[in-house]
Amino acid sequence: MTVAKDLALYHFAHCPFCAFVRRELDKLGVEVDIRDAGANPAHRKALKEGGGKIQVPCLLITNEDGSETWMYESMDIVAYLKKRFSKGKVA
Ligand SMILES: N[C@@H](CCC(=O)N[C@@H](CS)C(=O)NCC(=O)O)C(=O)O
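Numbering of residues begins from 1 in every chain and follows the order in which that chain's sequence is written. The model is predicted, so local features are restricted to residues of pLDDT at least 70 and side-chain atom pairs to those at 80 or more, both for listing and for counting; the totals for chains, interfaces and linings are taken over all residues. Remark: hydrogens and water are excluded; side-chain values derive from all non-hydrogen atoms of the structure.

A look at the overall build of the protein
At step 1: Runs of E in the DSSP output that reach at least two residues are strands. Runs of H or I that reach at least four are helices, and both are numbered from the N terminus. Along the protein, the regular secondary structure elements total three helices and four strands.
At step 2: Start at the N end of the protein and walk to the C end: the helices and strands fall as β-α-β-α-β-β-α.
At step 3: Principal axes of the C-alpha set define a box for the protein whose edges measure 35 × 35 × 20 Å.
At step 4: We call two residues contacting when some pair of their heavy atoms lies within 4.5 Å. Within the protein, contacts between residues separated by at least 24 positions form 58% of all contacts whose residues are at least 6 apart in sequence.
At step 5: Summed over all atoms, the accessible surface of the protein reaches about 5,600 Å², with 54% contributed by carbon and sulfur.
At step 6: Positive and negative charge centroids in the protein, built from 14 and 12 side chains respectively, lie 4 Å apart. Every accessible area reported is derived by Shrake-Rupley at a probe size of 1.4 Å, with residue values counting cover from the shown protein chains alone. We treat Lys and Arg as the positive residues and Asp and Glu as the negative residues; His and chain ends play no part in the count. Positions of charges follow a simple convention, taking NZ of Lys, CZ of Arg, CG of Asp or CD of Glu.

What follows is the structure in structure tokens.
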């Protein structure tokens, strides 16, 4: 299991797009901070203010220089995770 401290996933518990991303994290064996933007008002506010809109899934990437990238769209997030963590494994 890889713990990625620079990543956090904003999600809703019952969102199918979020389930798709969580499943990919499981498959890749990657652990990130999972933040429920439906149940937790603080996470919802952070998503709105940081990312610019309430839409999940959204992957927050904290870059090496401390800047933040808020990545929306499940397909983009999964492509990023595969590229970074799949180590050439065939899915
Ligand atoms: N194309 C987006 C669709 C994401 C989407 O529709 N998410 C819904 C939840 S399932 C959402 O965030 N809706 C906004 C809201 O409920 O406020 C993706 O693939 O990530």
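Examining the site of the ligand
At step 1: Taken together, Phe12, Cys15, Phe17, Ile54, Gln55, Val56, Pro57, Glu73 and Ser74 make up the full set of residues adjacent to the ligand.
At step 2: Polar contacts here mean pairs of N or O atoms no more than 3.5 Å apart (in protein, one a potential hydrogen donor and the other a potential acceptor; neighbouring residues in sequence count only if both atoms are side-chain atoms). The separation between a nitrogen atom of the ligand and a polar main-chain atom of Val56 is 2.8 Å.
At step 3: Note that a nitrogen atom of the ligand is positioned 2.7 Å from one of the side-chain N or O atoms of Glu73.
At step 4: Protein contacts shield 64% of the accessible area of the ligand, which totals 520 Å² for the unbound molecule.
At step 5: Three classes are used: nonpolar for Ala, Val, Leu, Ile, Met, Phe, Trp, Tyr, Cys and Pro, charged for Asp, Glu, Lys and Arg, and polar for all others, with Gly counted as polar. Split by residue class, the shell around the ligand holds six nonpolar, two polar and one charged. Any residue with a heavy atom positioned within 4 Å of a molecule or strand is treated as near that molecule or strand.

Regarding the environment of Lys53
At step 1: Relative to the helices and strands, Lys53 resides in the loop between helix H2 (41-51) and strand S3 (58-62).
At step 2: Among the residues examined, Lys53 registers a relative accessible area of 37% and is labelled partly exposed.
At step 3: A sequence separation of 17 residues divides Lys53 from Asp36, and the C-alpha atoms of the two residues are 15 Å apart. Relative accessibility decides the category of a residue: with a 1.4 Å probe and only protein chains considered, values under 20% of the type maximum give buried, values over 50% give exposed, and everything between is partly exposed.

Digging into H2
At step 1: Where H2 begins, one side-chain oxygen reaches toward the backbone nitrogen of Ala42, 2.9 Å away; that side chain belongs to Asn40.
At step 2: One or two positions beyond H2, positive phi appears at Gly52, with a value near 105 degrees.

Concerning unusual backbone geometry
At step 1: Residue Pro57 is reached from Val56 by a cis peptide bond, and omega for that bond is 0 degrees.
At step 2: Structurally, the position occupied by Pro57 is in the loop between H2 and S3.
At step 3: With a phi angle near 80 degrees, Glu73 is a residue other than glycine that sits in the positive phi range.
At step 4: With respect to the helices, strands and loops of the structure, Glu73 is situated in the loop between strand S4 (68-72) and helix H3 (74-85).
At step 5: Among the residues examined, Glu73 registers a relative accessible area of 43% and is labelled partly exposed.

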